[in-house]
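The residues making up each chain are set out below.
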Amino acid sequence: QDSKESAAVIRVEEINGPLFLVAGTDDQVWPAAKFADMITERLKRSEYAHTCTYLKKEGAGHLVGLPYLPSAEVYKNLIFTSDNNELSSVAMIEAWSEMVKFFDKSPGFWL
């Protein structure tokens, strides 16, 4: 890692609680799936004491966090474009369902 990249790294292995990651592989804002892959590898190497749920959504774009909203791709917002609007929309819905399950499993961390 170069010094700029090292300075931007969040020390996730120091987080005291479960993690939830979601990334689309066609994110055209930044390489979210690559970064999430790197995070999960770092957690494994550090023998992270908590769970890490990671949804890697093949073909989905940048906006996969909130469901049932028109994806930014529909509005031709070039920041959020992906090659497949349908995959991005499905990923948004699936990610929300998994986030709800995640929070239901770990209520003590959110109180």
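Going by the structure above, here's the rest.
Residues numbered from 1 in each chain as written. Predicted model: local features only at pLDDT ≥ 70, side-chain atom pairs only at ≥ 80, totals over all residues. Heavy atoms only, no water.

**Focus on the packing of aromatic side chains**
Applying the stated rule across the entire model yields two aromatic pairs. Here Phe20 and Phe102 contribute two aromatic rings whose centre-to-centre distance is 5.4 Å and whose plane-to-plane angle is 50 degrees, an arrangement assigned as tilted. Within this pair, whereas Phe20 is found in strand β1 (residues 19–24), its partner Phe102 is found in helix α3 (residues 85–105), the two being separated by 82 residues in sequence. Its relative accessible area of 4% is what places Phe102 among the buried residues. Centre to centre, the rings of Phe102 and Phe103 are 5.5 Å apart; their planes meet at 70 degrees, and the pair counts as edge-to-face. Through a chain of ring-to-ring contacts, the aromatic side chains of Phe20, Phe102 and Phe103 assemble into a single cluster. (Phe/Tyr/Trp six-rings, centres within 6.5 Å; stacked < 30°, edge-to-face > 60°. Helix = DSSP H or I, 4+ residues; strand = E, 2+ residues; numbered from the N terminus. Buried < 20%, exposed > 50% of the residue type's maximum accessible area, 1.4 Å probe, protein only.)

**With respect to the pattern of salt bridges**
A complete count under the given rule lists six salt bridges for this structure. The salt bridge involving Lys56 is made with Asp37; its shortest N-O contact spans 3.0 Å. With a gap of 19 residues between them, Lys56 in strand β2 (residues 52–57) and Asp37 in helix α2 (residues 32–45) connect regions that are remote in the sequence. Accessibility expressed as a relative area gives 37% for Lys56, which makes it partly exposed. (Salt bridge = Lys/Arg side-chain N within 4 Å of Asp/Glu carboxyl O.)

**Looking at the environment of Glu13**
Position of Glu13 among the secondary structure elements: in the loop between α1 (3–8) and β1. Residue class for Glu13 comes out partly exposed when judged on its relative accessible area of 29%. Leave out the neighbours within four places in its chain, and Glu13 touches Arg42, Leu43, Ser46 and Tyr48. There is a polar contact of 2.9 Å between the side chain of Glu13 and the side chain of Arg42. (Contact = heavy atoms within 4.5 Å. Polar contact = N/O pair within 3.5 Å; in protein donor to acceptor, adjacent residues only side chain to side chain.)

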